[in-house]
Amino acid sequence: MKRSYRGVVLLSLVLFLNIVCTQQTVNAYYYEKYETVILFCGLNLLLFPVAFWIYKRERDVK
Amino acid sequence: MGQGHNVNGDSKANNKNGKIPFDEDNYTHNIHKDNERSLDRRSFMKLMAGAAGVFAVSTLPWGAIAAKELAGFGNKKYTAAKITDISEIKVGEAIEFAYPGKHDSALLIRLGENEFKAYQNACTHLKCPVFWSKEQGEMVCPCHHGVFDPKTGAPTAGPPRRPLPEIVLEREQGAIIATGVKRYEA
Ligand code: FES
């Protein structure tokens, strides 16, 4: 059975970016660079719809 | 009796007896539904998408506090507070106090006759209280042996990467007054 792993790979990528953004958010917070905090927080929030979109698109690929 | 019958009746099984129980090449004989394996991948992707959601929600508080901080025009206002009388602290010694809040523990170190430094002493690694080690002439964190330079607050060893926030000091009639907390530069 040949399966497509594209969805899993793409979602792994999204989760990796999630980790990076979370880490950067917390870092920037302690350095009191609040603009940067908001930026990475926003990125992290945006990644969720992206993940959901990938999931929906790849869900039915056999 | 039944055993003997089986062996005689199925010569193929007889040949393989003692090796593998039956024909299989992919160890998936226990998967019956047609797309059970692709369903597996699907629910895994669902889990990953959910994890992305958790990440998103978990950064929300940080963003909210940052937004609040920005709305408060950046520079917080500190009220001056007396830490101690100079006569009460000898050169090379340190005392603990709390600034700016009741629960923000801090450390005042007298490095020289006229040299005072104060830092918030929650370790920048995982918030253990950093103490002043007179023998080493350094600020030391007991938890994972983080070491900070008392002149600048910068971490010199161990896991911490960020300097301790420095407290701005002033002298007034033989007393040391805390007037604010320095912001990190750029
Ligand atoms: S908490 Fe201070 S070194 Fe880890």
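This is a predicted model, so every value here is computed, not measured.

Chemist: A description of the sheet that holds strand 9 (residues 167-172) of chain B should follow, citing residues and the corresponding values.
Modeler: The strands making up a sheet associate through backbone hydrogen bonding, with each pair oriented either parallel or antiparallel. Residue and element names in this part refer to chain B. Strand order in the open sheet formed by three strands is 1-10-9, and the pairing between neighbours is antiparallel. Two strands in the sheet have a free side with no partner beyond their single neighbour: strand 1 (81-85) and strand 9. Averaged over all adjacent pairs, the angle separating strand axes in this sheet is 35 degrees, with direction ignored. Strand direction decides the pairing type here: strand 1 and strand 10 (residues 175-181), joined by four bridges, are antiparallel. Counterpart to Asp 85 in the pairing with strand 10 is Ala 175.

Chemist: Let's hear about the nonpolar core: which residues, and what values?
Modeler: If you look at the biggest cluster of nonpolar residues, it comprises 14 residues, and the most contacted ones within it are Leu 11, Val 14 and Ala 51 of chain A together with Met 45, Met 48 and Ala 52 of chain B. For this core, the elements supplying multiple residues, two or more each, are helix 1 (6-30) and helix 2 (34-59) of chain A together with helix 3 (36-71) of chain B. If we skip the residues at most four places from it in the chain, Ala 52 of chain B touches Val 14, Leu 15, Asn 18, Phe 48 and Ala 51 of chain A. Formed by 13 residues, the second largest nonpolar core is a distinct cluster that contains Ile 86, Tyr 99, Ile 167 and Ala 178 of chain B.

What counts, and at which threshold
Residues numbered from 1 in each chain as written. Chains lettered and ligands numbered in written order. Predicted model: local features only at pLDDT ≥ 70, side-chain atom pairs only at ≥ 80, totals over all residues. Heavy atoms only, no water. Pairing = 2+ DSSP bridges. Helix = DSSP H or I, 4+ residues; strand = E, 2+ residues; numbered from the N terminus. Axes fitted to C-alpha atoms, helices over the stretch in contact; angles between N-to-C directions. Core = buried A, V, L, I, M, F, W, Y, C linked by side-chain atoms within 4.5 Å. Buried < 20%, exposed > 50% of the residue type's maximum accessible area, 1.4 Å probe, protein only. Contact = heavy atoms within 4.5 Å.

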